[in-house]
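Residue-level structural notes
Here are the chains, one letter per residue:
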Amino acid sequence: FYANWIDAAALISVHNNAGAQTGTETWYDDTNGLEGESANLAQAVNAHVVSAIRQRYNANWIDRGLRVCNGCKGENRLATRPSVIVEIAYMDTTTPDNDALHDDAFKRIVAEAIADGIREWASAADDDRR
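Now for a quick tour of the structure. (Residues numbered from 1 in each chain as written. Predicted model: local features only at pLDDT ≥ 70, side-chain atom pairs only at ≥ 80, totals over all residues. Heavy atoms only, no water.)

Before going further, it helps to examine the pattern of salt bridges. The tally for this structure, following the rule as stated, stands at six salt bridges. The closest approach of N and O atoms between Glu25 and Arg64, which form a salt bridge, is 2.8 Å. Here Glu25, found in strand S2 (residues 24-29), pairs with Arg64, found in strand S3 (residues 63-69); they are 39 residues apart in sequence, far enough to count as distant. For the salt bridge of Asp104 with Lys107, the shortest nitrogen-to-oxygen distance reads 3.3 Å. Here Asp104 pairs with Lys107, and both are found in helix H5 (residues 104-129), just three residues apart, close to one helical turn. Residue class for Asp104 comes out partly exposed when judged on its relative accessible area of 49%. One salt-bridge network, in which partners are shared between bridges, spans Glu25, Arg64 and Arg67. (Salt bridge = Lys/Arg side-chain N within 4 Å of Asp/Glu carboxyl O. Helix = DSSP H or I, 4+ residues; strand = E, 2+ residues; numbered from the N terminus. Buried < 20%, exposed > 50% of the residue type's maximum accessible area, 1.4 Å probe, protein only.)

For the rest of this paragraph, the subject is the sheet that holds S2. Sheet strands pair via backbone hydrogen bonds, and the direction of the pair is either parallel or antiparallel. A sheet is described by the order of its strands in space; here four strands give the open sequence S1-S4-S2-S3, paired in mixed fashion. The outermost strands of the open sheet, each flanked by one partner alone, are strand S1 (11-17) and S3. Looking at each pair of strands side by side, their axes are set apart by 20° on average, direction ignored. With six bridges joining them, S1 and strand S4 (residues 83-90) adopt parallel strand pairing. Bridged to His15 within S4 is Glu87. In the packing of helix H4 (residues 94-101) onto the sheet, the strands contacted are S1 and S4, and the crossing angle to S4 comes to about 115°. (Pairing = 2+ DSSP bridges. Axes fitted to C-alpha atoms, helices over the stretch in contact; angles between N-to-C directions. Contact = heavy atoms within 4.5 Å.)

Another aspect to go through is the nonpolar core. If you look at the biggest cluster of nonpolar residues, it comprises 23 residues, and the most contacted ones within it are Val49, Ile53, Ile88 and Phe106. Those elements that provide at least two residues to this core are helix H2 (35-56), S4, H4 and H5. In terms of residues, this core owes the most to one element, H2, which gives eight residues. In contact with Ile53, other than residues within four places in its own chain, are Thr24, Asn58, Trp61, Phe106, Ile109 and Val110. (Core = buried A, V, L, I, M, F, W, Y, C linked by side-chain atoms within 4.5 Å.)

Structure follows, in structure tokens:
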């Protein structure tokens, strides 16, 4: 609701996952009227995060890809702007995920990659408006 209230350009919700799996996945909603823009944002952010982790931290990091949610996650469903949930790693999988979540270098890599993904998405959105 805060992102809606301040009229943010986009909403990126950073989460840790659970479920005894491994890797990174990014969710977007296809019921809030912004599915195209959200899918583009999800693709850019997910690609940058996974690529950065593979290049700078763990070459074998799993890319779980994009996930579509039909109104099941409030962060996306209630957003009035493009929105994604980035599930960085599984906190209940000790290695490599939870170990990575406790590593400051990993956290910096992910933060920078999210910013790069947002910049790519924003640039493409600007080009589409021209």
